[in-house]
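Below are the chains, spelled out letter by letter.
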Amino acid sequence: WIKIAADGAVMLAMHRSEMGQGTHTALAMLVAEELDVALARVRLFDAPADRLYGNVATLVASVPYFHPRETEPGNETAPARAGQWVVAKIARELGINLTGGSSSVVDSWNVLRVAAATARARLLGAASIAWKEPLRELVVSDGVVSHPGGRSAHYGELAKMAAATPSGEVRVKRRDAWRLIGTAPPRIDVVAKSNGSATFGIDVRPHGLVFAAIRHCPMLGGHPGAVDVAPTLALAGVERVVRLGTYAGSTPAFAVV
């Protein structure tokens, strides 16, 4: 879930799509909170295709046959808990990676906080071992671990050792210790979307990518007659002409690749 860069930046595997709803900012906030870093220090990279990143909350929320009162968090009935547990196990095995249904924060709430808290515990443990100082005396502030005796180091300096350090007891922050969760910081994607540097799906150019121009029959119920595609294929850059059927209620079409 999390990598620590040499400069101390926190790199988060982003497993949900940003569609204007603020997911990338919200999930980064969970990690920044537990690691005690500024939100600007969290960098996002695309999570790979792995069932680890499956959206369990969406499927659990769709568990049928229970009244909402039976699934109210903290007051679930025994049958509801059992049903949710079974669905969660199945959902985790299916690993369906999707974004929707206001599920991103719900699904990631515990996962990302525990992941970040684990990374924090390892970083503190590495500093404790390296400096031979009691863990309870170490303090973290803005991504820097320090000791009252004067020693300090940012996360990037401790990362390599922390990767091999046991995490020990991991605890997420109590609600009264939150400084970022519950606030409304500027969205982290605003600048990139404003200056045109953001990369969207339509911007991606994998090797060998081709484009298709499609023309549908302009009349419902209409069909193309005989078409001579030879002149089209003779044009520079044209690779193929594909005839398309009436899919999903559309009219027939031709696609020039």
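Everything discussed here concerns the structure shown above.
Residues numbered from 1 in each chain as written. Predicted model: local features only at pLDDT ≥ 70, side-chain atom pairs only at ≥ 80, totals over all residues. Heavy atoms only, no water.

Colleague: Residues and numbers for helix α4 (residues 104-131), please.
Modeller: Between its first and last C-alpha, α4 extends 39 Å over 28 residues, near the 40 Å set by a 1.5 Å rise per residue. Just downstream of α4 lies lysine 132, where phi reads positive at about 55°. (Helix = DSSP H or I, 4+ residues; strand = E, 2+ residues; numbered from the N terminus. Expected span 1.5 Å × (residues − 1).)

Colleague: Run through the sheet that holds strand β4 (residues 139-141), naming residues and quoting values.
Modeller: With antiparallel pairing, three strands are arranged side by side in an open sheet as β4-β5-β6. Of all strands in the sheet, those with a lone pairing partner are β4 and β6 (152-154), marking the two edges. Taking each pair of neighbouring strands and ignoring which way they run, the sheet shows an average axis angle of 20°. Taken strand by strand, α4 contacts β4, β5 (144-146) and β6, and its axis lies near 40° from that of β5. Sitting on the sheet, helix α5 (residues 155-162) is in contact with β4, β5 and β6, with an inclination near 85° to β6. (Pairing = 2+ DSSP bridges. Axes fitted to C-alpha atoms, helices over the stretch in contact; angles between N-to-C directions. Contact = heavy atoms within 4.5 Å.)

Colleague: Which residues make up a nonpolar patch on the surface, and what values do they have?
Modeller: On the surface, Trp85, Val86, Ile90, Leu94 and Ile96 cluster together to form a nonpolar patch covering roughly 500 Å² of accessible area. With respect to the helices and strands, isoleucine 96 occurs in the loop between α3 (78-94) and α4. (Patch = residues over 30% accessible without salt bridge, like charges linked within 9 Å, V, L, I, M, F, W, Y side chains within 5 Å. Areas by Shrake-Rupley, 256 points an atom, 1.4 Å probe, with all protein chains shown as cover. Salt bridge = Lys/Arg side-chain N within 4 Å of Asp/Glu carboxyl O.)

Colleague: An account of the nonpolar core is needed here, citing residue identities and associated values.
Modeller: Residues Val31, Leu35, Val37, Val42, Val145 and Tyr155 are the most contacted members of the largest nonpolar core, which totals 31 residues. Counting only elements with at least two residues in this core, the list comes to β2 (10-14), α1 (23-35), α4 and α5. In terms of residue count, α4 provides more of this core than any other element does, eight residues in total. Once residues within four sequence positions are removed from consideration, valine 145 is found in contact with Leu124, Ala127, Trp131, Leu138, Val139, Val140, Arg151, Ser152, Ala153, Tyr155 and Leu158. (Core = buried A, V, L, I, M, F, W, Y, C linked by side-chain atoms within 4.5 Å. Buried < 20%, exposed > 50% of the residue type's maximum accessible area, 1.4 Å probe, protein only.)

Colleague: Any details on the packing of aromatic side chains? Residues and values, ideally.
Modeller: Per the stated rule, a full pass over the model turns up two aromatic pairs. Ring centres of tryptophan 1 and tyrosine 53 lie 4.8 Å apart, and the angle between their planes is 85°; this geometry places the pair in the edge-to-face category. With tryptophan 1 in the segment before β1 (2-4) and tyrosine 53 in the loop between β3 (42-46) and α2 (56-61), this pair connects stretches of sequence that are 52 residues apart. You can call tryptophan 1 partly exposed: its relative accessible area is 25%. According to the relative accessible area criterion, tyrosine 53 is buried, its value standing at 7%. Taken together, a centroid distance of 5.6 Å and an interplanar angle of 85° make the contact between tryptophan 109 and tryptophan 178 edge-to-face. With tryptophan 109 in helix α4 and tryptophan 178 in the loop between α5 and α6 (190-195), this residue pair connects regions lying 69 residues apart in the sequence. Lying across the ring of phenylalanine 45, lysine 3 places its NZ or CZ 4.9 Å from the centre. (Phe/Tyr/Trp six-rings, centres within 6.5 Å; stacked < 30°, edge-to-face > 60°. Lys NZ or Arg CZ within 6 Å of the ring centre and 35° of its normal.)

Colleague: Account for the sheet that holds β3, with residues named and values stated.
Modeller: Backbone hydrogen bonds are what pair the strands of a sheet, in a parallel or an antiparallel way. An order of β1-β2-β3 is seen for the three strands of this open sheet, with the pairing classed as mixed. Two strands close off the open sheet at either side, each with one partner strand: β1 and β3. The average undirected angle you get between the axes of adjacent strands in this sheet is 30°. Pairing geometry for β1 and β2, over three bridges, is antiparallel. Residue pairing in the sheet places isoleucine 4 in a bridge with valine 10 of β2.

That's the geometry; what it means functionally is another story.
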